Amino acid sequence: MDKFVSYDKMSKKEKKKIDSSKRGSWNGVDPATKVVDTDKKRYKRKPKHPENFDE
């Protein structure tokens with residue numbers, strides 16, 4: 001029978017094995033949050049035609 005060793009006292013290799021076994025797969029899903037700009041009628045602060053082209 002194996003002795004119980006607390007997670008804090010395990011070696012880095014053993015911790016890595018345990019962590020990788022618990023870690024799941026995203027199955028092609030990107031976890032980054034994305035903002036879709038679908039609201040075309042929102043207020044835009046930039047002028048449509050800037051007046052000073054040479055500056």
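Preceding block: the structure.
Note that the coordinates shown come from a computational prediction; the quantities given were computed from them, not determined experimentally. (Residues numbered from 1 in each chain as written. Predicted model: local features only at pLDDT ≥ 70, side-chain atom pairs only at ≥ 80, totals over all residues. Heavy atoms only, no water.)

Chemist: Now, about the overall build of the chain: what can you tell me, with residues and values included?
Modeler: Counting its regular elements, the chain contains 1 helix and 0 strands. Taken over the C-alpha trace, the chain has a radius of gyration of 27 Å; the compact-globule value for 55 residues is 10 Å, which it surpasses by more than 25%. In terms of principal-axis extent, the alpha carbons of the chain reach across some 80 × 30 × 15 Å. For the chain, buried positions account for 0% of its 55 residues. When the accessible surface of the chain is summed, it comes to about 6,700 Å², and 53% of that surface belongs to carbon and sulfur atoms. The centroid of the 17 positive side-chain charges in the chain is displaced by 7 Å from the centroid of its 10 negative side-chain charges. (Helix = DSSP H or I, 4+ residues; strand = E, 2+ residues; numbered from the N terminus. Rg over C-alpha atoms; globule rule 2.2 N^0.38 Å. Buried < 20%, exposed > 50% of the residue type's maximum accessible area, 1.4 Å probe, protein only. Areas by Shrake-Rupley, 256 points an atom, 1.4 Å probe, with all protein chains shown as cover. Lys, Arg positive; Asp, Glu negative; His and termini not counted. Charge placed at Lys NZ, Arg CZ, Asp CG, Glu CD.)

Chemist: Any details on the pattern of salt bridges? Residues and values, ideally.
Modeler: Counted by the stated rule, this structure contains 1 salt bridge. A salt bridge links Glu 14 to Lys 17, with the nearest nitrogen and oxygen atoms 3.7 Å apart. Linking Glu 14 with Lys 17, this pair stays in helix α1 (residues 12-22), spanning 3 residues, or about one helical turn. Owing to a relative accessible area of 38%, Glu 14 belongs among the partly exposed residues under this scheme. (Salt bridge = Lys/Arg side-chain N within 4 Å of Asp/Glu carboxyl O.)

Chemist: Go over unusual backbone geometry with me, naming the residues and quoting the values.
Modeler: Positive phi outside glycine occurs at Asn 27, with the angle close to 55°. Following the sequence through the fold, Asn 27 ends up in the segment after α1.

Chemist: Could you give me a rundown of the environment of Tyr 7, with the residues and numbers involved?
Modeler: Secondary-structure assignment places Tyr 7 in the segment before α1. With 11 residues separating them in the primary sequence, Tyr 7 and Ile 18 have C-alpha atoms 9.3 Å apart. Every residue in contact with Tyr 7, bar those within four places of it in the chain, is listed here: Lys 15, Ile 18 and Asp 19. Here Asp 19 takes part through its side chain, which lies 2.8 Å from a polar atom of the side chain of Tyr 7. (Contact = heavy atoms within 4.5 Å. Polar contact = N/O pair within 3.5 Å; in protein donor to acceptor, adjacent residues only side chain to side chain.)

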